[in-house]
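Observations on the model geometry
One-letter residues, chain by chain:
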Amino acid sequence: MMMPVGSASVAVGRPILPRHDYFTDTFGRRQLLRQAAAAVAGTGLLLTSGPNARATQRAALLPAIGQTFNMAVSAFGTTLVVPLPPPLPRLDFNGRIAVEVLAGGSDFVHLQALDFIMAAQNPLLGEVRLTPPPSKCRPPSTLQEGAGGLVHTWLQSMTMTFDRWGDLGGPFTLETSQPAKASGDLPQFPPPPLSPSPNPHQPPTGGAFLTAAGPIHFKAGLLGDGLPDLSAVQLQWDGVYEGQPT
């Protein structure tokens, strides 16, 4: 039923609505689809390259605070610089280390050595052992987010003990004057398994290699009479291999 209103007519009981339906109007439907696609693309970009993504990747690479790990460690072809005629003793060390993950910062954690030992054999010195010093003041290592994974900076204060000095019985002990330091890139932590070589004088395979920052310097510790001056002993090394034990 139509009723006149001034010069216009309207249908009774049917409100006048603007004709613009996104689901039937071609232009409106396309606009809605474009807006939805842009919103999804924007969200995907945020998840794959934004700060949330970097934080997620970092969390996946860095170990959780409080975790402990046991790793195999090796240092091959080291040279012990002591007051002896050449050739100087060459030592191939094998051993293990246990570390606990401690809080660090936004992109790194600390690794505190709980236990550590590496040992080598030498005809003049007998067994040579590297162990933590008695002091509780031991600087932790650092495991940090890097460009291609993780960077491990290994710091280790240590005591070197050898069983004898030629015919003179020991044991004799030296301590590092500053921590040993080595660093390297890791694809993961802990690194891949470290497998010993069938040849005891060849380095292991697998794992990761941390390059030495310089020689390890020792100072005199518990020494007896009859020894030469051992106040400036050095252990020259290329670095240390580390990885999961096999």
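See the structure shown above.
Let me begin by describing the structure that accompanies this report. Remember, predicted model here, so these are calculated numbers, not experimental data.

**Quick notes on the pattern of salt bridges**
For the structure on display, the rule yields two salt bridges. With its nearest N and O atoms 2.8 Å apart, the salt bridge here joins R129 to E127. Among the residues examined, E127 registers a relative accessible area of 25% and is labelled partly exposed. Linking D163 and R129 is a salt bridge whose minimum nitrogen-to-oxygen distance equals 3.1 Å. Of the two residues, D163 sits in strand β9 (residues 159–165) while R129 sits in strand β6 (residues 126–131), which places them 34 residues apart along the sequence.

**Some details on the pairing of strand β4 (residues 90–102)**
Consecutive side chains of a regular strand alternate in pointing toward one face of the sheet and then the other. Bridge count for strand β3 (residues 68–81) against β4 is ten bridges, and the pairing is antiparallel. Bridge pairing links V73 to G95 in β4. Pairing of β4 with strand β5 (residues 108–122) involves nine bridges; the strand directions are antiparallel. Along β5, the bridge assignment pairs V99 with A113. Counting the residues that bridge the hairpin from β4 to β5 gives five residues.

**Considering the side chain of T176**
Its location among the elements puts T176 in strand β10 (residues 168–176). Residues contacting T176, with those up to four places away along its chain left out, are S157, M158, I216, H217, F218 and K219.

**What to know about the pairing of β5**
Summarising the sheet, β5 and strand β7 (residues 141–145) pair through four bridges and their orientation is antiparallel. Each residue of the ladder has a partner; that of H110, found in β7, is T142. Here five bridges tie β5 to β6, and the two strands are oriented antiparallel to one another. Opposite N122, over in β6, you have G126 as the bridge partner. What sits between β5 and β6 in their antiparallel hairpin is a turn of three residues.

**Examining the layout of surface pockets**
Taken as a whole, the largest pocket holds about 220 Å³ of empty space. Around the largest pocket, the lining is made up of 16 residues, and of these F76, D92, N94, P200 and H201 lie nearest the centre. Counting only elements with at least two residues in the lining of the largest pocket, the list comes to β3, β4 and β5. Per-element tally for the lining of the largest pocket: the top contributor is β4, with four residues. When its residues are assigned to classes, the lining of the largest pocket shows seven nonpolar, seven polar and two charged.

**Focus on the packing of aromatic side chains**
Scanning the model with the defined rule gives six aromatic pairs in all. With 6.0 Å between their ring centres and 50 degrees between their planes, F162 and W165 make a pair best called tilted. Exposure remark for W165: the relative accessible area of 11% places this residue in the buried category. Through a chain of ring-to-ring contacts, the aromatic side chains of F116, W154 and W237 assemble into a single cluster.

Cut-offs used in this document
Residue positions are given per chain, counted from 1 along the sequence in the order it is written. In view of the model being predicted, local features appear only for residues whose pLDDT reaches at least 70, and side-chain atom pairs are presented and counted only at 80 or more, with totals across whole chains, interfaces and linings using the full set of residues. Hydrogens are left out, water is left out, and the side-chain values use all remaining heavy atoms of the structure. Here, a salt bridge means any Lys or Arg side-chain nitrogen found within 4 Å of an Asp or Glu carboxyl oxygen. Only protein chains enter the accessibility calculation, which uses a 1.4 Å probe; a residue is then buried when its area is under 20% of its type maximum, exposed when over 50%, and partly exposed in between. Going along the chain from the N terminus, every DSSP run of H or I of four or more residues is numbered as a helix, and every run of E of two or more is numbered as a strand. Here a strand pair is declared whenever DSSP counts at least two bridges between the two strands. Residues count as neighbours in contact if any of their non-hydrogen atoms are within 4.5 Å of one another. Buriedness of a pocket was judged along seven lines, with at least five required to meet protein on both sides within 12 Å; pockets are open sets of points on a 1 Å grid over the protein atoms alone, cavities are sets where a 1.4 Å probe fits but cannot get out, and lining residues have an atom within 4 Å of a point. Grid points are joined across faces, edges and corners, and a volume is the space filled by probe spheres set on the points. As a working rule, the residues Ala, Val, Leu, Ile, Met, Phe, Trp, Tyr, Cys and Pro are called nonpolar, Asp, Glu, Lys and Arg charged, and the rest polar, with Gly in that last group. Classification of ring pairs rests on two measures: the distance between centres of Phe, Tyr or Trp rings, Trp counted by its six-membered ring, which must be within 6.5 Å, and the angle between planes, read as stacked under 30 degrees, edge-to-face over 60 and tilted in between.

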